[in-house]
Amino acid sequence: MKQLLISTLLALTASAWAQAPANVEVKDAWVRATVAQQKSTGAFMQLSARADTRLVDVSSPIAGVVELHEMAMEQDVMRMRAVKAGLALPAGKPVELKPGGYHVMLMDLKGPVKAGDVVPVTLVFEGQGGQRETLVVKATARPLGNAAAAAPAAADHSQHKH
Ligand SMILES: [Cu+2]
C-alpha cells in the first residue's frame, strides 16, 4: 500500500512539473522479477484517463528496448505482439495492463530484476490535440509466479485474478 502511495505521489509530481493537471492516473504499477539469465520481463499497471488519450511511448533505464505489447490468440497459440499505434485510453474507462493482456515489455535487461526492486518506467501520453504528457511511475518488482499473492493491494481488487 505504501509503495502504491509513493507511485501515485511520484506520478502527481511528474505531471505537476509538466504544468498541467494530470490527465492520466496510474495505479498499482509493478514489474515481474526475473530469474537468472532472463533478459526480458513485463511491467503492469492500471491507467485511467480523464480525457481521451493514447499511451504512445514507454521507456525505462533498466532495459535497452522497451515496447508496449499485447497478448493475443493466434491459431490456438498465445502470442505477444507490439502495439505500434499506441494504446487508446478512453476518458473515464480504466485500462489494465496485466499478465495475459497488455503489458510494457522490458527487453535487453541491463541486469536481473529482484523482488522488491523499484523500477522507473516512463510513460508518454498524447491527447486528442497532440499535446504530450510524461509520467514516470515507480513499479515494484514482485516475485515470479507469485505475483497475485505478493501484491499488497490485490486483496482489494477482485478483478486481479489472472
Ligand atoms: Cu511482451
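Residues numbered from 1 in each chain as written. Predicted model: local features only at pLDDT ≥ 70, side-chain atom pairs only at ≥ 80, totals over all residues.

Remarks on the overall build of the protein
Thinking step 1. Helices and strands together make up the secondary structure of the protein, namely 2 helices and 10 strands.
Thinking step 2. In the protein, the succession of α and β elements from N to C terminus is α-β-β-β-β-β-β-β-β-β-β-α.
Thinking step 3. Counting every position in the protein, which comprises 162 residues, the buried fraction comes to 31%.
Thinking step 4. Within the protein, contacts between residues separated by at least 24 positions form 70% of all contacts whose residues are at least 6 apart in sequence. (Helix = DSSP H or I, 4+ residues; strand = E, 2+ residues; numbered from the N terminus. Buried ≥ 20, exposed ≤ 12 C-beta atoms within 10 Å, placed from the backbone. Contact = placed C-beta atoms within 7 Å.)

Points about the environment of alanine 88
Thinking step 1. Inspection of the secondary structure assignment puts alanine 88 in strand E6 (residues 87–89).
Thinking step 2. Spatially, the C-alpha atoms of alanine 88 and valine 56 are 8.8 Å apart, while their sequence positions differ by 32 residues.

Overview of the pairing of strand E1 (residues 24–32)
Thinking step 1. Most of E1 is tucked away, with 7 of its 9 residues classed as buried.
Thinking step 2. Sheet topology note: the E1/strand E10 (residues 132–142) ladder contains 3 bridges and is parallel. Bridge pairing in E10 links arginine 32 to arginine 142. (Pairing = 2+ DSSP bridges.)

A word on the nonpolar core
Side chains of a nonpolar character, in soluble globular proteins, are inclined to be buried together.
Thinking step 1. Formed by 32 residues in total, the largest nonpolar core has its most connected members in Ala43, Met45, Val104, Val121 and Ala139.
Thinking step 2. Non-local contacts of methionine 45, meaning those with residues more than four positions away in its chain, are made with Val26, Lys27, Asp28, Ala29, Leu97, Val137 and Ala139. (Core = buried A, V, L, I, M, F, W, Y, C linked by C-beta atoms within 7 Å.)

Keep in mind these values describe shape, not function.
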